[in-house]
Amino acid sequence: MNAAPLKLYNSLTRSIEPFVPIDPAGPVRVYTCGPTVYNYQHIGNMRAFLFADTLGRVLRWKGYGLKHIINITDVGHLTSDADAGDDKMEKAAATQEKSIWEIAAHYTQVFKADVARLNITPPAQWTVATAYVPQMIAFAQRIAAQHCYELDSGLYFDVSSVPEYGRLARQTTDAGESRIDPVGGKRNPQDFAIWRKTPAGETRQMEWDSPWGRGAPGWHLECSVMSNAQLGHPFDIHTGGIDHREIHHPNEIAQNQAFCGCTDAEPGFTGARMWMHNNFLVDRAGKMSKSAGEFLTLQTLVDRGIHPLAYRLMCLSAHYRSELEFTWEGAIAAQTRLKRLVQSIEKLRAAPDKPSRTSADGYRSRFDEALSDDLNTARALPVLDELLADKALSPADRFAAAEAFDAALGLELAALTRADLRVRPATATIDAVDIEAKLAERREARAAKDFARSDALRDELAAAGVEVMDGDPLGWDWKL
Ligand SMILES: Nc1ncnc2c1ncn2[C@@H]1O[C@H](COP(=O)(O)OP(=O)(O)OP(=O)(O)O)[C@@H](O)[C@H]1O
Ligand SMILES: [Zn+2]
């Protein structure tokens, strides 16, 4: 029944293509560029992992096995993607007066907790960059003679040594961001360091011996090595945020081509069959970004009374290739939408059963078609709404179909309760039980038309940090 052909947008060709697994018998192999653990991940970063999870869930919905790898970048990512600046990890350690290992451990743990709160399926393996340094050196050694050259600052990849460098980014002019050329002596402006030597007289917290001196691997090298080690090249799908389409992924591709030495025998080889990118989460200031200073974490949302899965639903309500603008109104609307879903499911569970007069197959096909059309979750969600409201279907059949749909959506619809969604704002000076008691008292006052008492209770709650939402059609809510 999940039979619509799966089509996905491939950034390499800038078109929607049928998905054809490389190995029809084995699992689909997917690699996702993971977080750089020098700071908290903001909700924009989490959008990238929600997208990768949706891809994985849809692949499983379509009946495929899945081997998904996400890396943890704990070394090598510079403050500028164009090969300039400090290592983000070294810089964070210096400003926070901690060791890099402490920094990495802390932010990795918080990131994984957010992954769990968003119900993102953990990958088959979290590959940690510093655990792959010997493989990175071996990879670099194999391509060094034909594709690299040494400067004082490191070993550089010569992008003119591979065919069609930058095809993914569609770089046709000198104006592209990646043309920035901050390192003197490069052969081509886009050449990048695959090994950065520690400057003479300095020591870094993270450095290793290599044939090119003590130093650290380049960020681009890391993903080529870890994807190859875990999945083998070529694998099926490589994902990341759309910023990676410009520099990071073209550089991975160049290294993969150099490593396999196969571009004559296999024209078009990039290391992955498809490259997929999610668009940005933006706010009024533009792309949400750590470098820009202010950003929102999942915890910020929770502190303001928004459930993590409401953020997941917010992301699912937009297509992953569209920009998504974050607003608090939007987050509250997503929370209300999630509540409605949970409420419907709770009602179905409690309802006495009776036979269906029709079948849920039509909904299932439409839901499947939407997901199969380049993961169009925005179009799949209304099918779920319609299914839940269809009285010709028995409560049990609606419940079963909704639960099956949720395997692809990951909203935990069958497990969530209304009570879970009452997230107490962090600033509230009153606990959930007292809030409920005051709300009940207020409902009674209103029923008795004692509006003075009702207003007084609302003001008391407001003073304690809780805003009563009279406009909430579900009637059982409060927020910051
Ligand atoms: N605003 C955003 N919306 C969606 N995805 C994003 C956004 N910002 C970054 N990403 C993606 O998040 C993932 C993790 O990125 P990483 O930890 O390397 O972040 P970063 O580049 O340090 O973040 P920032 O750009 O905020 O400084 C990457 O796939 C990246 O493309
Ligand atoms: Zn990467």
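Nothing here was measured: the structure is a model prediction, and the numbers come from that model.

Student: Explain the domain arrangement of the protein chain here, please?
Tutor: A common way to state how big an interface is: give the accessible area lost once the parts meet. Here the domain parsing of the protein chain yields domain 1 (9-286), domain 2 (297-420) and domain 3 (428-479). Of note, the centres of domain 1 and domain 2, computed from C-alpha atoms alone, are 33 Å apart. Listed per partner, the contact involves 25 residues of domain 1 and 23 residues of domain 2. Those elements that place two or more of their residues in the side of domain 1 that touches domain 2 are α1 (43-61), α3 (100-117) and β12 (281-283). Of the residues in the side of domain 1 that touches domain 2, the class split is 14 nonpolar, five polar and six charged.

Student: Would you mind going over the pairing of strand β11 (residues 272-278) with me for this structure?
Tutor: Each regular strand displays side chains that alternate between the two surfaces of the sheet. The buried count for β11 comes to seven of seven residues, which makes it a mostly enclosed element. In this structure, strand β10 (residues 235-241) lies alongside β11, joined through six bridges in parallel fashion. Across the sheet, the residue bridging to T239 is M276, located in β11. Taken together, β10, helix α6 (residues 248-260) and β11 form a β-α-β motif whose crossover is right-handed.

Student: Help me understand the site of ligand 1, please; the structure alone is not making it clear to me.
Tutor: In the vicinity of ligand 1 there are 20 residues, among which G44, N45, G241, S289 and K290 approach most closely. Top contributing element to the shell around ligand 1 by residue count: α1, with four residues. Residues of the shell around ligand 1, tallied by class, amount to six nonpolar, ten polar and four charged.

Student: Help me understand the UniProt feature "binding site: Zn(2+)" (unreviewed entry) in the protein chain in this model?
Tutor: In the numbering used here, UniProt assigns the feature "binding site: Zn(2+)" (unreviewed entry) to C33, C223, H248 and E252. Taken together, the annotated residues stretch across 220 residues yet fold into one region, lying no more than 11.0 Å apart by C-alpha. Its location among the elements puts C223 in helix α5 (residues 219-231). Take C223: there are 29 C-beta atoms within 10 Å of it, and that puts it in the buried class. Ignoring anything within four residues of it in the chain, the contact list for C223 reads C33, N71 and E252. For E252, the location among the structural elements is in helix α6. You can call E252 buried: it has 28 C-beta atoms within 10 Å. Those residues in contact with E252, other than ones at most four positions away along the chain, are H220, C223, S224 and G271.

Student: Quick question: what am I supposed to make of the environment of I306 here?
Tutor: Structurally, I306 is set in the loop between α7 (298-303) and α8 (308-316). As for I306 and R422, which are separated by 116 residues in sequence, their C-alpha atoms are 8.4 Å apart. Setting aside residues no more than four positions away along its own chain, I306 makes contact with L301, Y311, A331, Q335 and V423.

Student: It is not clear to me how the packing of helix α4 (residues 133-147) against α5 should be interpreted in this structure. Could you clarify?
Tutor: Packed helix pairs are specified by the crossing angle of their axes together with the interaxial distance, meaning the distance between the axes. The N-to-C vectors of α4 and α5 enclose an angle of 100°; their axes lie 9 Å apart at closest approach. Here α4 lies roughly perpendicular to α5, going by the angle between them. Taken together, the residues of α5 that come into contact with α4 (itself represented by Q135, M136, F139 and A140) are L221, E222, S224, V225 and A229. Among the residues forming the contact of α4 with α5, the class breakdown is six nonpolar, two polar and one charged.

Student: Can you help me understand the sheet that holds strand β3 (residues 28-32) in this one?
Tutor: Hydrogen bonds between backbone atoms are what pair the strands of a sheet, whose relative direction is either parallel or antiparallel. Taken in spatial order, the five strands line up as β5-β4-β3-β10-β11 in an open sheet, and their pairing is parallel. Looking at which strands have only one partner, the edges of the open sheet turn out to be β5 (125-128) and β11. Ignoring strand direction, the axes of neighbouring strands in this sheet form an average angle of 25°. In terms of strand pairing, β3 meets β10 through three bridges, oriented parallel. Counterpart to Y31 in the pairing with β10 is H238.

Student: Whenever I open this one, helix α15 (residues 451-463) confuses me. Can you help?
Tutor: What sets the pattern is the α-helix's 3.6 residues per turn: residues three or four places apart point alike. Taking 1.5 Å of rise per residue, 13 residues should cover 18 Å, and α15 covers 18 Å from first to last C-alpha, within 8% of that figure. Looking at α15, one finds that the buried residues are S454, L457 and L461. One side of α15 carries all its buried residues, which in axial view fall inside an arc of 65°. Exposed residues on α15 whose side chains face more than 90 degrees from its buried face are A452, D459, A462 and A463. Buried residues along α15 sit against α14 (432-447) and β15 (467-468). Looking one or two residues past α15, G465 carries a phi angle of roughly 95°, positive in sign.

Student: I would appreciate a short explanation of the sheet that holds strand β13 (residues 286-287) in the present structure.
Tutor: Pairing is mixed in the open sheet, where three strands are placed in the order β13-β12-β14. Taken across any chain shown, the strands that pair with only one partner, and hence form the sheet edges, are β13 and β14 (324-325). Strand direction decides the pairing type here: β12 and β14, joined by two bridges, are parallel. The partner of L281 across the bridge, within β14, is L324.

Conventions used here
- Residues numbered from 1 in each chain as written.
- Chains lettered and ligands numbered in written order.
- Predicted model: local features only at pLDDT ≥ 70, side-chain atom pairs only at ≥ 80, totals over all residues.
- Domains from an automatic or database assignment.
- Contact = placed C-beta atoms within 7 Å.
- Helix = DSSP H or I, 4+ residues; strand = E, 2+ residues; numbered from the N terminus.
- Nonpolar A, V, L, I, M, F, W, Y, C, P; charged D, E, K, R; others polar.
- Buried ≥ 20, exposed ≤ 12 C-beta atoms within 10 Å, placed from the backbone.
- Pairing = 2+ DSSP bridges.
- Right-handed = clockwise from strand over helix to strand, strands pointing away.
- Near = placed C-beta within 6 Å.
- UniProt positions renumbered as here; feature names shortened; annotations may be inferred.
- Axes fitted to C-alpha atoms, helices over the stretch in contact; angles between N-to-C directions.
- Parallel < 35°, antiparallel > 145°, perpendicular 65-115°, else oblique.
- Expected span 1.5 Å × (residues − 1).
- Arc of directions from axis to C-beta.

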